[in-house]
Amino acid sequence: QKVLFSENYIDSDSFVILSLTKNKKESLADLVGKKIIVNSGYSTEKYVDSLQADCQFSVQKLKTLPDALFAIKNGIADAFITAESTVARLLETELREIFYIAKIPGTTESAAIAFQKDQQELCQIINNILQKFKEDGTIDFLKKKWNIAL
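Residues numbered from 1 in each chain as written. Predicted model: local features only at pLDDT ≥ 70, side-chain atom pairs only at ≥ 80, totals over all residues. Heavy atoms only, no water.

### A look at the side chain of Ser14
In step 1: Inspection of the secondary structure puts Ser14 in the loop between β2 (10–11) and β3 (15–20).
In step 2: Among the polar contacts listed, one links the side chain of Ser14 to the side chain of Thr108, at a separation of 3.0 Å.
In step 3: When residues no more than four places from it in sequence are discounted, the contact partners of Ser14 are Thr82, Ala83, Glu84, Lys103, Ile104, Thr107 and Thr108. (Helix = DSSP H or I, 4+ residues; strand = E, 2+ residues; numbered from the N terminus. Polar contact = N/O pair within 3.5 Å; in protein donor to acceptor, adjacent residues only side chain to side chain. Contact = heavy atoms within 4.5 Å.)

This is the structure in structure tokens:
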């Protein structure tokens with residue numbers, strides 16, 4: 001081990017498959033031979049690229065969420081793979097009647113802070129602060145503020 005890591009302070013949201021409610025895609029197996037959309041420049045793009053050969057789907061890379069939603073709604077593509085927080089607010093609107101969201105298992109990641117190996121004291125200080133932030137609700141407050149899934 002070349003560096004030290006703090007305790008995990010946040011878990012990222014899962015990746016999800018967004019499809020039309022009338023044509024639900026509930027798992028990666030449902031995407032074989034289908035046309036998939038990802039937003040270019042995000043971690044889901046790399047994730048989908050790594051699956052493309054095994055899952056045998058075609059990928060279209062779009063720049064924005066509205067472009068992706070338009071393509072799904074108009075039958076240009078079958079599904080959109082993105083982070084859950086990207087589309088979570090859809091479930092709070094009338095669009096929840098149009099779109100179906102399925103979580104992709106095993107796609108959650110944790111975040112921690114890296115330190116030089118000789119900075120054990122600083123790492124412990126930060127771990128204590130992170131623990132206090134977890135206990136007093138600061139971490140939950142920040143997750144809510146920045147729309148990170150809880």
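More follows now that the structure is in view.
### Observations concerning unusual backbone geometry
In step 1: The backbone of Gln56 sits at a positive phi, close to 55°, despite the residue not being glycine.
In step 2: When you line up the elements, Gln56 lands in the loop between α1 (43–55) and β5 (58–62).

### Describing the environment of Glu45
In step 1: Topologically, Glu45 is positioned in helix α1.
In step 2: For the pair Glu45 and Arg89, spaced 44 residues apart in sequence, the C-alpha separation works out to 21 Å.
In step 3: Not counting chain neighbours up to four residues away, the residues in contact with Glu45 comprise Val38, Asn39, Ser40 and Lys61.
In step 4: Within the structure, Glu45 has its side chain in polar contact with the side chain of Lys61 (distance 3.1 Å).

### Details of the sheet that holds β5
In step 1: The sheet built from 5 strands is open, its strands ordered β5-β4-β6-β3-β7 with mixed pairing. Each edge of the open sheet carries a strand with a single partner, namely β5 and β7 (99–103). Taken over all neighbouring pairs, the strand axes of this sheet differ in orientation by 30° on average, direction set aside.
In step 2: Relative to strand β6 (residues 79–83), strand β4 (residues 35–39) runs parallel, the two being bridged by 2 bridges. Note on β6: the bridge partner recorded for Ile36 is Ala79. (Pairing = 2+ DSSP bridges. Axes fitted to C-alpha atoms, helices over the stretch in contact; angles between N-to-C directions.)

### Focus on the pattern of salt bridges
In step 1: What the rule picks out here adds up to 4 salt bridges.
In step 2: Two residues, Lys61 and Glu45, come together in a salt bridge whose shortest N-O distance is 3.1 Å. On the criterion of sequence distance, the pair formed by Lys61 in strand β5 and Glu45 in helix α1 is long-range, its members being 16 residues apart.
In step 3: For Lys61, a relative accessible area of 38% gives the class partly exposed.
In step 4: Connected through shared salt-bridge partners, Glu45, Asp49 and Lys61 make up one network. (Salt bridge = Lys/Arg side-chain N within 4 Å of Asp/Glu carboxyl O. Buried < 20%, exposed > 50% of the residue type's maximum accessible area, 1.4 Å probe, protein only.)

### A few points about the environment of Asp136
In step 1: Looking at where Asp136 falls in the secondary structure, it is placed in helix α4 (residues 120–136).
In step 2: Through-space distance from the C-alpha of Asp136 to that of Val48 is 37 Å; in sequence the pair is 88 residues apart.
In step 3: A distance of 2.6 Å separates a polar atom in the side chain of Asp136 from a polar atom in the side chain of Thr138.

### Here we look at the confidence of the model for the protein
In step 1: Residue-level pLDDT values for the protein average 89, and 97% of them are 70 or greater.
In step 2: Mean pLDDT across the elements of the protein bottoms out in β2 (80) and peaks in α4 (96). (pLDDT = per-residue confidence, 0-100.)

### Quick word on the pairing of β4
A regular strand places its side chains so that they alternate between the two faces of the sheet.
In step 1: The buried fraction of β4 amounts to 4 of the 5 residues, a majority that puts the element mostly inside the structure.
In step 2: Bridging between β4 and β5 involves 5 bridges; their strand directions are parallel. Residue pairing across strands places Asn39 opposite Leu62, the latter belonging to β5.

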